[in-house]
Each structure stands twice: as C-alpha cells, then as structure tokens.
Amino acid sequence: MQHLLSLFDIEVDDLRSILATSLSLKQRLAAGDRPAILDRRVIALLFQKPSLRTRVSFETGMAQLGGSSLFLGDDVGWGKRESPADFTQVLGQFVDAVVCRAKKHEHVELLASFNAMPVINGLTDLCHPCQALADVLTVRESLGGYQDKHIVFVGDGNNVAQSVALCTAMLGMRFTLSCPPGYEMETDWLARIAARYPKARIETVTDPHTAVAEADAIYTDVWTSMGQEAEMAARRAAFANYQVNEKLMAAAPRHARVLHCLPAVRGQEITDAVIDSDQSDVIRQAGNRMHAQKGLLVWLLNRKWIDDNISSDQAV
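Attention here is on the structure that accompanies the text. (Residues numbered from 1 in each chain as written. Predicted model: local features only at pLDDT ≥ 70, side-chain atom pairs only at ≥ 80, totals over all residues. Heavy atoms only, no water.)

1. Quick word on unusual backbone geometry
That bond from Leu262 to Pro263 is cis: its omega, 0°, falls within 30 degrees of zero. Even without being a glycine, Leu123 presents a positive backbone phi close to 150°. Along the chain, Leu123 falls in strand E4 (residues 119–123). The exposure class of Leu123 is buried, given its relative accessible area of 9%. Positive phi, close to 60°, is recorded for Leu262, a residue that is not glycine. Mapped onto the secondary structure, Leu262 falls in the loop between strand E9 (257–260) and helix H11 (272–275). (Helix = DSSP H or I, 4+ residues; strand = E, 2+ residues; numbered from the N terminus. Buried < 20%, exposed > 50% of the residue type's maximum accessible area, 1.4 Å probe, protein only.)

What follows is the structure, given as structure tokens:
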C-alpha cells in the first residue's frame, strides 16, 4: 500500500517519474488529448479545511483522467460518529484513494495506518507535498530544469516551506528560508532531510535582501495561516520587513521568478506590483496543481501506464 503523507514517502526516482508524467499529461491536454488512464477509478476528498485549488484541481484532474471524485465534508462524520477504524475501512471498500486535507498531520497518519486505500496528504499543519510538486514543476517550466536552481522562501517556515525544502533536496536544488528569528522550519524536519539527503543545500538567512541575491525563484506565502488567527497582530509585526515588493525584487537577479501558493493577502506579504509583474509565475503555479496531481494519481493508481508511456530521459 503506497501513501503520500509527505515526500519522505517516495524516492527521488519516484518524484522524477511523477513530475515527468505531470509534464507529459499537461502537454497532451494542451493538444486536446485527455487519455482515460484512470477510467472508472474513484477518489474521495476528505476535507476538514476549506479549499479552492486543492479541491477543484483534484476533481477536475480526476475527471480528465476518466475517473470521478466524491467530496466528503463534515456531514460524513469523520472522527465524530464512528471509530476511525470503522470509518476508514468502510471508505476503503468504496474508493481507490483518498485525498485528506486535515487540521493535524496525525489525522492523515491515522487514515493511512489502516492501509485501506492510498492516502494523499492534501495539506496538514506539517507539510503540503502536492503544493511542492506544483512548485518545482513550475520552476522546471520557467527555468529549464531543476539542478542547482535556487528557491528563496521569504516568510514563515511553515508547512509549504518545509515541503518545498524537502523537494529541493531531492532534486539537487538550493533552498533558502529568509525569516525573522522564531519562525524557522522545524528542527526535526530539517534533521530528517539532512539524514536522508546529506548533500542537501538548505540554509536560513535572516536578511531577505541578502537571501535573494542569487535567487532563481522568490517564494512567499501568507504570514498568518488558517488556525493562527490569534497570532495575526504579532506575525504582522514580525514579518513587516519580509514583504516581497519592488525593492526586494531589485536585490535579486532580473531572471528571478515570483511564486506564491495562494490565496495571497495583497499588500501584506506581497505587493500588487510584484504578483502582477512579468516575473510572476503565480497563476501558472496555481494551474500546475492540477497537472502535478494528475501525475501523482497516475503514479499511485496506474503505474503500468507510466512504464509504458514515459521514457527514462523524460524524468530528468
């Protein structure tokens, strides 16, 4: 039983295969080709948090692959009406996989522990692997590859930053987090990356202008995520000097691309002038959620199709 609770659940070759499949399917879609690779397969979307990109990209992507999806909200009673074991094992008899968008990472771990169906992490407080897949796919398209490309994340060392940092370690990229003291990535997470990928190039640089000096992509996210509303005022003060604005972009190479996982608080972590500039890949990045997840779904549910259709040189 294969799950994707974080990118630690897969190997580098798996990641490259998923990304190559994503890119191939994106190109085929642009040409009007929608192969029914997952014909009559069904996935469940089990969400504890609201969503635009995650929900719509999985539902649309699954439809384009010939399958279908079911959205499961609070009405299904997950964690309320019956035991986790009963809920999960019954659900596993109905669907081929479940995408879980949960408040706590422990919730997706519990789902996966019963091995009733593949579980995909659609976002937790610890990490956001599907977002990272879309992010590096965007970098590949804009900058021509992965190797040695440098992503600088300006802002909170949150679940998105942690997933992107791990993804860059797997692909031979550089990752820099620029944040105020006290908002770094979790030390346990960084230790796991270092143990598995000892050549990983991950650093934290307090000054954002220094951090972006050699950036190929500058990434930011909201300063206050869902569930942190009580910290909003303190976070706004702490991150005041970490706005991605025209002054910060002037300190970066002209070729540097701009990334944001959305939704954005325009005028706070990023200005309109930057997010709407010709350096911004934000809208393409959002669209790549669907393409990256299509590659992931095919890899999980019909790997033979990849073996038959994606050559090894495409996975570079």
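2. Some details on empty space enclosed by the protein
To find leftover empty space, a probe the size of one water molecule is rolled over the atoms. With the rule as written, the count across this model stands at one cavity of 30 Å³ or more. Size it by volume and the largest cavity reaches roughly 40 Å³. Lining the largest cavity we find Leu25, Leu29, Asp33, Arg34, Pro35, Gln64, Leu65 and Lys294. Its residues assigned to classes, the lining of the largest cavity comprises four nonpolar, one polar and three charged. (1 Å grid on protein atoms, 1.4 Å probe; cavity = no way out; pocket = protein on both sides within 12 Å on 5 of 7 lines; lining within 4 Å. Points joined across faces, edges and corners; volume = space filled by probe spheres on them. Nonpolar A, V, L, I, M, F, W, Y, C, P; charged D, E, K, R; others polar.)

3. Observations regarding the sheet that holds E9
Ordered in space as E7-E6-E5-E8-E9, the five strands form an open sheet in which the pairing is parallel. Since the sheet does not close on itself, it has two edges, and those belong to strand E7 (201–204) and E9, each with one partner. The average angle at which neighbouring strand axes cross in this sheet is 20°, direction not considered. Sheet analysis places strand E5 (residues 150–154) next to strand E6 (residues 174–178), joined by five bridges and oriented parallel. (Pairing = 2+ DSSP bridges. Axes fitted to C-alpha atoms, helices over the stretch in contact; angles between N-to-C directions.)

4. Things to note about a negative patch on the surface
Residues Glu106, Glu109, Asp125, Glu186 and Asp188 make up a contiguous surface patch of negative charge. Along the chain, the position of Glu106 falls in helix H4 (residues 105–113). (Patch = residues over 30% accessible without salt bridge, like charges linked within 9 Å, V, L, I, M, F, W, Y side chains within 5 Å. Areas by Shrake-Rupley, 256 points an atom, 1.4 Å probe, with all protein chains shown as cover. Salt bridge = Lys/Arg side-chain N within 4 Å of Asp/Glu carboxyl O. Lys, Arg positive; Asp, Glu negative; His and termini not counted. Charge placed at Lys NZ, Arg CZ, Asp CG, Glu CD.)

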